[in-house]
Amino acid sequence: MTTPSPFIPPERTLMGPGPSDVSPRVLNAMARPTLGHLDPLFIELMDETKSLLQYAFKTSNALTMPVSAPGSAGMEACLANLIEPGEKVVVCVNGVFGSRMVENVKRMGAEPVIVEDPWGQQTSLQKVEDALKAHSDIVALAFVHAETSTGVRNDAQALCKLARQYQCLSIVDAVTSLGGIELAVDEWEIDAVYSGSQKCLSCVPGLSPVTFSERAVAKIQSRTTPVQSWFLDMNLIVGYWGKGGRRAYHHTAPVNSIYALYESLRMLKEEGLEACWQRHENGHQQLAEGLQALGLELAVAPEYRLPQLNVVKIPDGVDDTEVRRQLLKHSNLEIGAGLGEFAGKVWRIGLMGYACKPRNIDHCLAALKRALS
Ligand SMILES: *Cc1c(COP(=O)(O)O)cnc(C)c1O
């Protein structure tokens, strides 16, 4: 058998729902020599990475680190550690990722109390409050901050305030929000947050930054049942990602991916978190104006639109798949298809992290214009 040829991917522009474009700085960092995962220099890097994540999350939570797996594992880590079998959790569903939280809660042997809103609309604060009032034994409120399937921003600050008011923990999906829109973990008193490396942090896929408040840690430590996942049990992971020099083997961290995450967080710090949010907002304005000029319409109301994920209605008579195929073929450009209820009805144009820049937006608008004509 002959050796297969090497895989040399083309240089695409990634403007879908993630992964987003990765900066050459991040890719170069990733190619540096692998260290042992308990090498003192790598342990220092782990600490630096934790500090940078605290900056990105706006938190001083000690339990802040990247889970060694993608965003879905962060979701599972937060839910598995904070929920015990038989407990009740309010889960807000207005898109794909809220439904996944429901699925996780069920598999944990817990009972989801579902607050459902239509796709493309925000989670209703009134409905959430009604659910919290109706059940006195809710232990947590779980929701998605930036619903990547619909382009909707849920009001994380107000939802977390309700969670505090009704004395339950808040669990927030910030996979697409971290770095793209305002997120203030300590100020909003969020208890558990998970994110992803490949959206607005524009790092390579495969890591899920998480952070847990002291209230969350207290709950994890006082559980009466073991966390159902050995790999994601924070009681065990703290021995590895936790304090000071006494690190013990738990699993092997993806060493080079941590180099990449560290470099992407350094870029975030250099730019400044607030400036980074503003860049996403500016990019969104530029794109929205250009789309309007092409006669294309955004599907989400301006008050709660995500700047980093623009959901565009596909005009009648336009072939969804054919347009996306042409963008890929002629412009090396990837945009996202609609998911679930939105399949075939919308495109999802991501302006995430490194991909969110005027040149890319011009490129995308020109490519769309060509494909539509
Ligand atoms: C992408 C995404 C996830 C899942 O992340 P993976 O890295 O694909 O596992 C979860 N929630 C939201 C809101 C996302 O956009």
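Our structure is the block above this text.
Residues numbered from 1 in each chain as written. Predicted model: local features only at pLDDT ≥ 70, side-chain atom pairs only at ≥ 80, totals over all residues. Heavy atoms only, no water.

### Topic: the site of the ligand
The condition is simple: Note on definitions. A residue lies near a molecule or strand when any single heavy atom of the residue is within 4 Å of it. Under the rule applied, a polar contact is a pair of N or O atoms within 3.5 Å (in protein, one hydrogen donor and one hydrogen acceptor; residues adjacent in sequence only if both atoms are side-chain atoms). To measure how exposed things are, a 1.4 Å probe is used in the Shrake-Rupley method; for residues, cover is taken only from the protein chains shown. Here the nonpolar group is Ala, Val, Leu, Ile, Met, Phe, Trp, Tyr, Cys and Pro; Asp, Glu, Lys and Arg are the charged ones; every other residue, Gly included, is treated as polar.
Taken together, Pro70, Gly71, Ser72, Phe97, Val144, Ala146, Thr148, Asp173, Val175, Thr176, Gln198 and Lys199 are the residues near the ligand. A distance of 2.5 Å separates an oxygen atom of the ligand from a polar side-chain atom of Ser72. Here the ligand, which alone exposes 380 Å², has 88% of that area covered by the protein. Of the residues contributing to the shell around the ligand, the split by class is five nonpolar, five polar and two charged.

### Overview of the packing of helix 11 (residues 320-331) against helix 12 (residues 358-372)
Test applied: Each axis is a line fitted through C-alpha atoms, and for a helix only the stretch in contact is used; angles between axes span 0 to 180 degrees, taken between their N-to-C directions. Labels follow the DSSP assignment, with helices taken as runs of H or I lasting at least four residues and strands as runs of E lasting at least two, numbered in each case from the N terminus. Every angle not falling under 35 degrees, over 145, or within 65 to 115 is termed oblique; those three ranges are roughly parallel, roughly antiparallel and roughly perpendicular. By definition, any crossing whose near helix is turned counterclockwise from its far helix by less than a right angle is left-handed, and any crossing with a clockwise turn is right-handed. Contacts: residue pairs with any heavy atoms within 4.5 Å of one another.
Remark: helix 11 packs on helix 12, axes separated minimally by 10 Å, with the N-to-C direction vectors making an angle of 120 degrees. With respect to helix 12, the axis of helix 11 lies oblique. The handedness of the crossing between helix 11 and helix 12 is right-handed. On helix 12, the residues that touch Val323, Gln326, Leu327, His330 and Ser331 of helix 11 are His363, Ala367, Leu368, Arg370, Ala371 and Leu372.

### Brief notes about the pairing of strand 10 (residues 208-212)
Basically, it comes down to this: Relative accessibility thresholds used throughout: buried, under 20% of the residue-type maximum; exposed, over 50%; partly exposed, between the two (1.4 Å probe, protein chains only). Strands qualify as paired when DSSP identifies two bridges or more between them.
Most of strand 10 sits inside the fold, with five of its five residues counted as buried. As paired strands, strand 2 (residues 63-67) and strand 10 are joined by five bridges and run antiparallel to one another. Paired with Met65 across the strands is Val210, a residue of strand 10. The pairing of strand 9 (residues 192-194) with strand 10 spans three bridges and is classified as antiparallel.

### Focus on the packing of aromatic side chains
What counts is decided by this rule: Stacked, tilted and edge-to-face are the three classes assigned to paired rings of Phe, Tyr and Trp, where Trp is represented by its six-membered ring and a pair needs centres within 6.5 Å; plane angles under 30 degrees give stacked, over 60 edge-to-face, the rest tilted. In our convention, an over-ring charge means Lys NZ or Arg CZ found within 6 Å of a ring centre and within 35 degrees of that ring's normal.
Applying the stated criterion across every chain yields a total of one aromatic pair. Consider the rings of Trp119 and Phe342, whose centres lie 5.3 Å apart with planes at 70 degrees: the pair is edge-to-face. Linking Trp119 in the loop between strand 4 (111-116) and helix 5 (125-134) with Phe342 in the loop between strand 12 (333-337) and strand 13 (346-350), this pair joins segments that are 223 residues apart in sequence. By relative accessible area, Phe342 is classed as buried at 12%. Here the guanidinium or amino end of Lys269 rests over the ring plane of Tyr55, the centre of that ring lying 5.2 Å away. The ring centre of Tyr354 lies 3.7 Å from the NZ or CZ of Lys357, which sits over that ring.

### Considerations on helix 11
Note: α-helices contain 3.6 residues per turn, so residues at a spacing of three or four share the same orientation. Counted only if it meets this: By definition here, a helix of n residues has an expected span of 1.5 Å times n minus one. Directions from the helix axis toward the C-beta atoms define the arc.
With twelve residues, helix 11 extends 16 Å between its outermost C-alpha atoms, agreeing within 8% with the 16 Å of an ideal straight helix rising 1.5 Å per residue. Within the sequence span of helix 11, burial applies to Asp320, Val323, Leu327 and Ser331. Buried residues in helix 11, looked at end-on, bunch into an arc of 75 degrees, giving them a common side. Exposed positions of helix 11 whose direction lies more than 90 degrees from the buried face are Thr321 and Lys329. Turning to helix 11, the residues buried within the fold contact strand 12, strand 13 and helix 12. Residue Asp319 occupies the N-cap position of helix 11, its side-chain oxygen lying 3.2 Å from the main-chain nitrogen of Thr321. One or two residues past the end of helix 11 sits Asn332, with phi positive at roughly 50 degrees.

### A closer look at the environment of Leu125
Looking at the element boundaries, Leu125 is found in helix 5. Among the residues examined, Leu125 registers a relative accessible area of 33% and is labelled partly exposed. Each C-alpha atom of the pair Leu125 and Cys92 lies 10.0 Å from the other, and the pair is 33 residues apart in sequence.

### Quick word on the side chain of Ser257
If you trace the backbone, Ser257 turns up in helix 9 (residues 255-271). Given a relative accessible area of 14%, Ser257 falls into the buried group. Excluding its chain neighbours within four sequence positions, the residues that come into contact with Ser257 are Met30, Val204 and Leu207.

### With respect to the sheet that holds strand 12
Spatially, four strands are ordered 1-12-13-11 in an open sheet, and the strand pairing comes out mixed. Sheet topology places strand 1 (13-15) and strand 11 (309-313) at the edges, where each strand pairs with a single neighbour. Recorded for the sheet is a direction-independent mean angle of 30 degrees between the axes of neighbouring strands. In this structure, strand 1 lies alongside strand 12, joined through three bridges in parallel fashion. Looking across to strand 12, one finds that Leu14 is bridged to Glu334. Sheet strands in contact with helix 12 are strand 1, strand 12 and strand 13, and its direction is about 85 degrees off that of strand 1.

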